[in-house]
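So the chains spell out like this:
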Amino acid sequence: MQKIPFKTWVVNRTSQLDFDNALPYFILAFYHLAPVANPQEEVALHHAFFQDQDAKGRIYLAPLGINGTLSLPKELALRYMQWIWSKPGFENAEFKIQEYETHAFGRLCVKTRAELVALGFDVPLQMRGTHLKPSEWRAMLEEEKDKVVLDIRNDYEYKLGHFEGAVAPPCETFKDFKEYADELKTKIDPENTKVLMYCTGGIRCEFFSAYLKQNGIENVFQLQGGVIKYGAEEKSKHWVGKLFVFDDRLAVPVSDEETEVIGKCHHCQGPSDRYYNCANMDCNELFICCETCLNTFHGCCKTECSGTNRVRPFKLANTPFRKWYTYAKTKEELNQLRVVEGSHANN
Ligand SMILES: [Zn+2]
Ligand SMILES: [Zn+2]
């Protein structure tokens, strides 16, 4: 199997940390379920911790715990993890780390959320599915006959890569999943069929699995630590394609083992595993595109978009989700950056 340079570390308080040879920035992904008595206060503490520090990304604090993903210099990442481990209830928080040359987010946002995963109602977390370590998950994929593997991420994530044989129920909102879950119960043997579910980092499964069990599906299993941790421990076994991530990288390998490309170019259906946001800032549609079509359509998702006068320089499309002022200080400067022939701004 072809090897590619890619590595994920999964660390907790007791890990031996030796990152001397790692790239200068770390991208941390983490969540931990433990009571946060005062989320608002915890947000303030985070702001104080990160004041004048070079951290970017998103952290959400809720009464049930914390969920975050950050890019930051590795020394700061280590200090942040130590700080989290020092908080009562968070001693066992687990962090997934990937190295990177630079930031993968545009800014830092720390805020409270009523729910860590948007459901709109409470599920009994004590009814969560059985957590499977990556090696146990792999064994179950290989040995279990009567099973359904559920990818409970978004459709656009599934399209780029997923576990072999996984099905992708509609999951854009929890309401979609609820309807699917009710139907699933009638299609499988709810007492015997094993339902295996996974998501990117594991947090969605904590809530969705509880819902399945509460609704009468008995054998529910969830991949602990999600696909990110699986890749760190089991590499790309039974995984096809790439992993969608919610930062500037958009897609990463699961491990250092090369896998086949399963994504298809939105324009020509040719193989590609690169997502772009449409260069037309008023559209911003996320789509998979091959390099040829990226040039042909000036980084846009459709011809109509490439003809507008709000097209950002698509050669810089490796920094997605950005506002126009990322590309220029003034609108006049932005106009000069335009790569679409013959497009002129109105103002
Ligand atoms: Zn194409
Ligand atoms: Zn578009």
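Residues numbered from 1 in each chain as written. Chains lettered and ligands numbered in written order. Predicted model: local features only at pLDDT ≥ 70, side-chain atom pairs only at ≥ 80, totals over all residues.

A. Highlighting the sheet that holds strand β7 (residues 130-132). Read across the sheet, four strands follow the order β7-β11-β10-β8 without closing on themselves; strand pairing throughout is parallel. Edge positions in the open sheet fall to β7 and β8 (147-151), since each of these has one partner strand only. Within the sheet, the average angular offset between the axes of one strand and its neighbour, ignoring direction, is 25 degrees. Across five bridges, the pairing between β8 and strand β10 (residues 194-198) is parallel. Directly across from D151, in β10, lies its bridge partner Y198. Contacts from helix α6 (residues 203-214) reach β10 and β11 (220-223), with the element oriented near 175 degrees to β11. (Pairing = 2+ DSSP bridges. Helix = DSSP H or I, 4+ residues; strand = E, 2+ residues; numbered from the N terminus. Axes fitted to C-alpha atoms, helices over the stretch in contact; angles between N-to-C directions. Contact = placed C-beta atoms within 7 Å.)

B. Representation of the environment of A93 in the model. With respect to the element layout, A93 can be found in the loop between α2 (74-85) and β5 (94-100). Using a count of 20 C-beta atoms within 10 Å as the deciding quantity, one classes A93 as buried. The sequence separation of A93 and R13 amounts to 80 residues, and the corresponding C-alpha distance is 7.6 Å. In contact with A93, other than residues within four places in its own chain, are F30, H32, I84 and W85. (Buried ≥ 20, exposed ≤ 12 C-beta atoms within 10 Å, placed from the backbone.)

C. Structural view of the environment of A37. One can find A37 in the loop between β2 (25-33) and α1 (39-50). Overall, A37 belongs to the exposed group, with 9 C-beta atoms counted inside 10 Å. Expressed as a C-alpha distance, the spacing of A37 and L160, which sit 123 residues apart in the sequence, is 39 Å.

D. Structural view of the pairing of β11. Burial along β11 is two-sided: V220 and Q222 facing one way and F221 and L223 facing the other are all buried. As judged from the three bridges shared by β10 and β11, these two strands associate in the parallel manner. Counterpart to L196 in the pairing with β11 is F221. Following the chain from β10 across α6 to the adjacent parallel β11, one finds a crossover that is right-handed. (Right-handed = clockwise from strand over helix to strand, strands pointing away.)

E. Quick peek at the nonpolar core. L28, I152, V195, M197 and F208 are the most contacted members of the largest nonpolar core, which totals 85 residues. Apart from residues lying up to four places away in sequence, M197 is in contact with G129, L150, I152, C205, F208, S209 and Q222. (Core = buried A, V, L, I, M, F, W, Y, C linked by C-beta atoms within 7 Å.)

F. Main features of the sheet that holds strand β1 (residues 8-11). Taking strand neighbours across the sheet as the criterion, the six strands line up as β1-β5-β2-β4-β3-β6 in an open arrangement whose pairing is mixed. Taken across any chain shown, the strands that pair with only one partner, and hence form the sheet edges, are β1 and β6 (108-112). When strand polarity is set aside, the average angle formed by the axes of neighbouring strands in this sheet is 15 degrees. Its contacts with the sheet place helix α7 (residues 226-234) against β1, β2 and β5, and it is angled at close to 105 degrees to β1.

G. The arrangement of the packing of helix α3 (residues 134-143) against α7 in detail. Close contact between α3 and α7 brings their axes to 9 Å; oriented N to C, the two are set at 90 degrees. It follows from the interaxial angle that α3 and α7 lie roughly perpendicular. Where α3 abuts α7, its residues P134, S135, W137 and R138 lie against K229, Y230, E233 and E234. Partitioning the contact of α3 with α7 into residue classes produces three nonpolar, one polar and four charged. (Parallel < 35°, antiparallel > 145°, perpendicular 65-115°, else oblique. Nonpolar A, V, L, I, M, F, W, Y, C, P; charged D, E, K, R; others polar.)

H. Just α2, in detail. With 12 residues, α2 should cover 16 Å at 1.5 Å per step; its first-to-last C-alpha distance of 17 Å lies within 8% of that length. A77, Y80, M81 and I84 are the residues of α2 that are buried. Along the axis of α2, the buried residues cluster in a sector spanning 100 degrees; they form a single face. When the buried face of α2 is taken as reference, the exposed residues oriented beyond 90 degrees from it are E75 and Q82. Where α2 is buried, its residues contact β2, β4 (65-73) and β5. (Expected span 1.5 Å × (residues − 1). Arc of directions from axis to C-beta.)

I. Structural view of the environment of C293. Position of C293 relative to the elements: it lies in helix α8 (residues 291-296). Distance from C293 to H266, taken between C-alpha atoms, is 8.8 Å for residues 27 residues apart in sequence. Apart from residues no more than four positions distant in its own chain, C293 is found in contact with C265, H267 and C268.

J. Region of the structure containing helix α5 (residues 174-187). Here α5 is 14 residues long and its end C-alpha atoms lie 20 Å apart, about the 20 Å a rise of 1.5 Å per residue gives. Three or more residues of α5 are buried, namely F174, F177, A181 and L184. Along the axis of α5, the buried positions cluster into a sector of 65 degrees, meaning they face one direction only. Among the exposed residues of α5, those oriented more than 90 degrees off its buried face are K175, D176, E179, D182, E183, T186 and K187. Here the buried face of α5 lies against α6.

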